[in-house]
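Survey of secondary and tertiary structure
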Amino acid sequence: MPKFAVILPAAGQSSRFGDPWRKKVFVDLKGRPVWVRTAEAFIHRPDVIQTILCIAPDDHAWFRDKFSANLAFMNVEVVDGGATRAESVEHALARVSPQADYVAVHDAARPLIAKPWIDAVFAAAQTTGAAILAAPIVSTVKRVDSGRVIETLDRSQLWAAQTPQVVERSLLLEAFARREGYPATDEAQLLERLGRSVAVVEGSPLNLKITTQDDLRMAAALLDLLPRDDSLRGLTPSTEPRKGLW
């Protein structure tokens with residue numbers, strides 16, 4: 001069985017969340033902290049041998065005190081993140097076990113991730129070397145400048161990237177070794193820069209990222225709609241990867 005390490009970036013400042021006292025990944029989502037719900041999707045999988053949570057250095061002491069009970073029962077390593085997502089992932093990547101064949105990076109602020117979607121993107125990565133979850137854009141998309149519409153974009157080839165983003169460990173190490181400060185916002189962008197193909201597995205709009213208070217309220221409302229197994233058709237993404245460069 002291929003082995004996966006999972007990195008959960010959670011070192012952002014949550015500036016758009018609108019709560020000066022709490023970061024989005026630490027707030028309660030129907031009885032459990034957001035980061036705990038996210039981590040629980042991975043820590044019990046037999047193919048995941050390591051789960052690493054990246055948090056801001058300033059939060060480290062508070063985090064260990066606040067969530068000591070959770071950490072006592074969860075096999076999660078906590079590392080200091082960086083000033084950007086890429087820096088956080090790079091810090092965690094240095095701690096990934098050499099026994100891991102693949103590395104999956106998943107936003108800690110995406111707690112509505114379900115097993116069928118993880119299964120699908122993990123399987124696609126094993127076939128192609130690199131795969132991400134994404135959802136086709138269904139809204140009309142406008143390019144805007146100074147508050148005015150400049151043009152309407154053709155959405156037929158536009159997809160919204162999600163996570164997990166799963167890459168062969170050696171390939172991801174190469175991508176970060178050659179990053180040279182390149183301001184990538186996700187791992188697929190670093191692979192694009194190397195000219196490597198990334199498979200796209202169709203995910204679900206339910207796999208939302210909590211950014212604002214409205215997102216948190218929406219996540220609470222959607223939590224009970226998550227698929228529980230592969231038999232729930234309609235909410236389960238296609239397992240056939242759509243290949244392309246991101």
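Since we're looking at a predicted model, the values are computed, not measured. (Residues numbered from 1 in each chain as written. Predicted model: local features only at pLDDT ≥ 70, side-chain atom pairs only at ≥ 80, totals over all residues. Heavy atoms only, no water.)

1. With respect to the packing of aromatic side chains
This model, assessed by the stated rule, comprises nine aromatic pairs. Ring centres of Phe-4 and Tyr-102 lie 5.1 Å apart, and the angle between their planes is 20°; on these two criteria the pair is classed as stacked. Taken together, the residues Phe-4 in strand β1 (residues 4-10) and Tyr-102 in strand β6 (residues 102-105) connect sequence positions 98 residues apart. Note on accessibility: Phe-4 and Tyr-102 belong to one class, buried. Centroid distance Trp-62 to Phe-67: 5.8 Å. Interplanar angle 85°. Geometry classified as edge-to-face. One aromatic cluster is present, formed by Phe-26, Trp-35, Trp-62, Phe-63 and Phe-67 through successive ring pairs. (Phe/Tyr/Trp six-rings, centres within 6.5 Å; stacked < 30°, edge-to-face > 60°. Helix = DSSP H or I, 4+ residues; strand = E, 2+ residues; numbered from the N terminus. Buried < 20%, exposed > 50% of the residue type's maximum accessible area, 1.4 Å probe, protein only.)

2. Observations concerning helix α8 (residues 213-222)
For α8, the full list of buried residues reads Asp-215, Leu-216, Ala-219 and Leu-222. Down the axis of α8, the sector holding all buried residues measures 130°, keeping them to one side. For α8, the exposed residues lying more than 90 degrees away from the buried face are Arg-217 and Ala-221. (Arc of directions from axis to C-beta.)

3. What to know about the confidence of the model for the chain
Averaged over all residues, the pLDDT of the chain equals 89, while 89% of them reach at least 70. In the model, residues 230-246 has pLDDT below 50 throughout and makes 52 contacts with residues more than four positions away in sequence or in other chains. (pLDDT = per-residue confidence, 0-100. Contact = heavy atoms within 4.5 Å.)

4. Comments concerning unusual backbone geometry
Most peptide bonds take the trans configuration, and most residues that are not glycine carry a negative phi. Residue Pro-164 follows Thr-163 across a cis peptide bond; omega there is 10°. Tracing the chain through its elements places Pro-164 in strand β10 (residues 159-168). For Ser-146, which is not a glycine, the phi torsion comes out positive at approximately 55°. In this fold, Ser-146 is placed in the loop between β8 (141-145) and β9 (148-153). Judged by relative accessible area, which is 70%, Ser-146 ranks as exposed.

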